[in-house]
Amino acid sequence: MDAGEQRRGWECWWISLCFFLLLCLGQQVSAQIRYTVPEEVKEGSIVGNLAKDLSLDVSTLVDRRFRIVSGSNDALFQVNQNNGILYVEKQIDREALCEGTDACLISLKTVVENPLEIHYVEVEIIDINDHAPNFAYKDVLLEIAESTLPGEDFQLHEAQDPDSGVNSVRFYKLSHTDYFELEFRENGGEKKVPVLKLRKLLDRERQVTHSLTLTAVDGGNPPRSGSIVINVTVLDDNDNRPKFSQELYSVTLQENAPVGTLVIKLNATDLDEGQNGEIVYSFAKNIEKLVYDTFDLDNTGEVRVKGNLDFEKNNVYRFGVMASDKGQPPKTSNCRIIVKVIDENDNGPEIDVTSLSDVVPEDSKPGTVISLVSITDKDSGVNGKVICKISDHVPFELKPSFKENMYSLVTNAKLDRELVSRYDVTITATDLGQPPLSSIKTLKVQISDVNDNVPEFPHNPLELYLMENNPPGGSIYSVSAFDKDMNENAAITYQIIREDGAKSHMSSFLSVNSDNGHIHALKSFDFETVKTFQFHVLASDSGSPSLSSNVTVNVFILDQNDNVPVILYPVSANGSAEGVEEIPRNVNAGHLVTKVRAYDADIGYNGWLLFSLQEVSEHSLFALDRYTGQIRTLRSFTETDEAQHKLLILVKDNGNVSLSATATVIVKVVEPKEAFAASDVKNAVKDEEENDVTFYLIITLGSVSVLFVISIIVLIVMQCSKSTDYSSKYLQDTNYDGTLCHSIQYRSGDKRYMLVGPRMSIGSTIAPGSNRNTLVIPDRRRRDSGEVRLAINFQFRKASIRPAPIF
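Quick caveat, the model's predicted, so the values are computed rather than measured.

**A few points about the overall build of the protein chain**
Right, on to step 1. When helices and strands are counted, the protein chain shows five helices and 53 strands.
Right, on to step 2. Here the protein chain holds 807 residues, and the buried ones make up 41% of them.
Right, on to step 3. Carbon and sulfur atoms make up 52% of the accessible area of the protein chain, which amounts to about 45,400 Å² in all.

**A word on the nonpolar core**
Right, on to step 1. Counting residues in each nonpolar core, the largest one holds 29 residues, and the members touching the most others are Phe295, Phe319, Val321 and Ile337.
Right, on to step 2. Of all the secondary-structure elements, those providing two or more residues to this core are strand S16 (248-254), strand S17 (262-265), strand S19 (279-283), strand S20 (295-297), strand S21 (302-305), strand S22 (316-325) and strand S23 (332-342).
Right, on to step 3. Setting aside anything within four residues of it in sequence, one finds phenylalanine 295 in contact with Leu253, Val263, Phe283, Val303, Arg304, Val305, Lys306, Leu309, Tyr317, Phe319 and Val339.
Right, on to step 4. If you look at the next biggest cluster of nonpolar residues, it comprises 27 residues, including Leu462, Leu464, Leu466 and Val553.

**Thoughts on the confidence of the model for the protein chain**
Right, on to step 1. On average, residues of the protein chain score 79 in pLDDT, and 80% of them reach the 70 mark or higher.
Right, on to step 2. Note that pLDDT drops below 50 for residues 18-31; the model gives that stretch zero contacts with residues more than four away or on any other chain.
Right, on to step 3. Counted against residues more than four places away or in other chains, residues 681-686, with its pLDDT under 50, gives six contacts.

**Here we look at the pattern of salt bridges**
Right, on to step 1. The tally for this structure, following the rule as stated, stands at 17 salt bridges.
Right, on to step 2. The residue aspartate 153 makes a salt bridge to arginine 185 at a minimum N-O spacing of 2.8 Å. Placement of the pair is aspartate 153 in strand S9 (residues 153-155) and arginine 185 in strand S11 (residues 180-186), with a sequence separation of 32 residues.
Right, on to step 3. We note a salt bridge from arginine 585 to glutamate 671, for which the minimum N-O separation is 3.2 Å. In this pair, arginine 585 sits in the loop between strand S40 (578-584) and strand S41 (592-595) while glutamate 671 sits in the loop between strand S47 (660-670) and helix H5 (672-721), placing the two residues 86 residues apart along the sequence.
Right, on to step 4. Here glutamate 671 falls in the partly exposed class, since its relative accessible area comes to 35%.
Right, on to step 5. Residues participating in the shared-partner salt-bridge network are Arg65, Arg67 and Glu113.

**Quick notes on the sheet that holds strand S29 (residues 406-411)**
Right, on to step 1. What the four strands build is an open sheet, ordered S24-S26-S29-S28; its pairing is antiparallel. The sheet is open, and its two borders are formed by strand S24 (350-355) and strand S28 (396-400), each paired with just one other strand. Averaged over all pairs of adjacent strands, the angle between strand axes in this sheet comes to 25 degrees, irrespective of strand direction.
Right, on to step 2. Taken together, the five bridges between strand S26 (residues 369-376) and S29 define a ladder with antiparallel strand orientation. Looking at the pairing, leucine 372 lines up with serine 408 of S29.

**Here we look at the pairing of strand S30 (residues 422-431)**
Along any regular strand, the residues point their side chains to alternate faces of the sheet.
Right, on to step 1. The sheet contact formed by strand S27 (residues 386-390) and S30 spans five bridges and is antiparallel. Within S30, the position partnered with valine 386 by the bridge is aspartate 431.

**Remarks on unusual backbone geometry**
Right, on to step 1. Proline 545 follows serine 544 through a cis peptide bond whose omega is 0 degrees.
Right, on to step 2. The topology assignment puts proline 545 in the loop between strand S37 (532-541) and strand S38 (548-558).
Right, on to step 3. With an omega dihedral of 10 degrees, the bond running from tyrosine 569 to proline 570 counts as a cis peptide bond.
Right, on to step 4. Structurally, the position occupied by proline 570 is in the loop between strand S39 (566-569) and S40.

**Topic: the side chain of aspartate 218**
Right, on to step 1. Note on placement: aspartate 218 falls in strand S13 (residues 209-218).
Right, on to step 2. Despite being buried, aspartate 218 has no salt bridge partner; arginine 224 is the closest side chain of opposite charge, sitting 5.7 Å away.
Right, on to step 3. In this structure the side chain of aspartate 218 is engaged in a polar contact, spanning 3.3 Å, whose partner is the backbone nitrogen of glycine 220.
Right, on to step 4. For aspartate 218, the side chain forms a polar contact with the main-chain nitrogen of arginine 224, separated by 2.6 Å.
Right, on to step 5. When near neighbours in sequence (up to four residues on either side) are disregarded, aspartate 218 contacts Asn129, His131, Ala132, Pro133, Asp161, Val166, Asn167, Ser168, Val169, Arg170, Pro223 and Arg224.

**Quick look at a nonpolar patch on the surface**
Right, on to step 1. Residues Phe708, Val709, Ile712, Ile713, Ile716 and Val717 make up a contiguous nonpolar surface patch of roughly 530 Å² in combined accessible area.
Right, on to step 2. Residue position: valine 717 is located in helix H5.

**Section: the environment of asparagine 563**
Right, on to step 1. Looking at the secondary structure, you find asparagine 563 in the loop between S38 and S39.
Right, on to step 2. The class for asparagine 563 is buried, based on a relative accessible area of 0%.
Right, on to step 3. Sequence-wise, asparagine 563 and tyrosine 599 are 36 residues apart; in three dimensions their C-alpha atoms are separated by 9.6 Å.
Right, on to step 4. Within the structure, the side chain of asparagine 563 is placed 2.8 Å from the side chain of aspartate 562, a separation counted as a polar contact.
Right, on to step 5. A distance of 2.7 Å separates a polar atom in the side chain of asparagine 563 from a polar atom in the side chain of aspartate 602.

About the cut-offs
- Residues numbered from 1 in each chain as written.
- Predicted model: local features only at pLDDT ≥ 70, side-chain atom pairs only at ≥ 80, totals over all residues.
- Heavy atoms only, no water.
- Helix = DSSP H or I, 4+ residues; strand = E, 2+ residues; numbered from the N terminus.
- Buried < 20%, exposed > 50% of the residue type's maximum accessible area, 1.4 Å probe, protein only.
- Areas by Shrake-Rupley, 256 points an atom, 1.4 Å probe, with all protein chains shown as cover.
- Core = buried A, V, L, I, M, F, W, Y, C linked by side-chain atoms within 4.5 Å.
- Contact = heavy atoms within 4.5 Å.
- pLDDT = per-residue confidence, 0-100.
- Salt bridge = Lys/Arg side-chain N within 4 Å of Asp/Glu carboxyl O.
- Pairing = 2+ DSSP bridges.
- Axes fitted to C-alpha atoms, helices over the stretch in contact; angles between N-to-C directions.
- Lys, Arg positive; Asp, Glu negative; His and termini not counted.
- Polar contact = N/O pair within 3.5 Å; in protein donor to acceptor, adjacent residues only side chain to side chain.
- Patch = residues over 30% accessible without salt bridge, like charges linked within 9 Å, V, L, I, M, F, W, Y side chains within 5 Å.

Structure below.
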């Protein structure tokens, strides 16, 4: 292989290696997007198409909430959610953002949701030549002795240009003069300080002053410049100047050093004697204001701390010190001092939380991102390393991001708002400095409600004991359900379940307030008509979808004393409770004169009747049994006893407010023969009348018998077909002592209630067309008038029932 082929082989290998390195470098750069934009561009100027560079679908940017969430001076830029273009929000001044730095980078963090993606973007602000070099003073005065030898130099003021790079100061030029020329000197950094150098001896007698113009020019296109006038005054002899031991001093100083701390003690010497050798120290005139605020220099050359030293604000101070003698003219020399500040752990970590949502649904799955947590520490090195953790016993955890000190707060367990509705998540960040510093931030996480609980009733079934004769439209009961959810998920409405069939017909007379559960009766209930029934109330919440539950209400009607005792015997032909009894005079003591019979439709104590004598002509003759109503003689009649006696009998029940009725019994005392004679006369009259009414009597008795048999058959059929109530039994008993009674027995769970009261007597029937208020009683006795039966109308006091609309 000749030399040409070997050279071509090396060239191919070198090209392949460069191509491979370029690919690696391209992959590394693609990990983070960087744009460049010049400063001072107009607001709205486009920086770059983020959606395109991040490969995001433009049509989903609004729904995914594409936005900038944090970053340095992120208000300078905004992203358009409609097209994904990053644009300038307000005018950028690079010098204000990145003063004293070569590269000005703005870090932005962008977020898209569903799924969550975080992208980091850097925007480099390119400097433009928008500032001209500027001197601190318009003119400067130099006093130079005429004995100064050629080659002597005098340090001049540096020009300051806020721009960076080529736009900063590039060179200086001096106006034409035969005595001076311009040179440059290193100042310990990248910049060079202009120095005025004497080319030949000055002659004060020929020219006392020299006026020079120093111009600083930057490297912009077009270039900008600034000038300063140097006035040189030629003085007489002082041929030795002070000299420092070295031209550049470098000192390290601990951050936060207390005021008065000695930084350095300068020592300059002057070979002259007297005032020409006396040295005073001062700061150079072109140093920054920050140096004046931080350090103090006295006449002895001691530099001490005057202000606060903050490594995070400024970690290096550079300034010059001038030593002058007191000769005429004085001579000076300069030195440069560099003070480097050593960092201390004086800044705690800063926690920045970006919440993606104010509330978290309780049905969120584990792993749901709640917030983004960013930790920063202004310290450097180990002092800036941070460890982050959250409080214990919370269903959340911190997941680190690929970028240092970036975390995601996510759920790691199932949430239940009914158990805990809010969490105070404490985030603690601790640096690794000595001693370590910590910061704490509490994030309040509110758990939002989901409709996952049905309304609940405290008890099911419910029992309602309701007095009869309740006012129609009044509230009789109130049901209340509770829901563990909140807001509309816990807003409960009530309704009565309307069922078909005879068992639920009573629910049609009830209505419920849908908001508060108050139940109103649309009619007045009558214990004598219905004694128990049940209905169902449905409670539904307002969630989506709605959840519901129902409760059964068993209603038991309680009896009231609302029926007046009814006198069944004695009853006269005109309907009044009055009867006439004839007894022989020769009866013995204890003879049964008659028995007063009465009935009360109520039960229990309300239907328990007691009999008492209100008026009697002779108390020693008659006695009334208070329980049976039997009237008996107390002794035999004498010749002096009157032939007629009137007894007024009071019948009352045992209700809280007792109701009563009265009956009058007239007892006629006759001789035994008169009693038989009167009986014969009555029979004779009766025989005559019977011939005329026999035919009608037969028809009437036959009709009544047929109706009675039909009524009995219908009653038996109804009793057999009637369903037995699940919670009560109806037991009937007959009291054969003269007061007719019946009993009602309620059973509910382990409780048992017994109510006892009167019922209608055997042999009495209800007259057709009498609205159940006319009681027909067959007469067992013959009267003088020849009537064979008596019809007595009784008006029972009932609570009037007005028809009410059914809702």
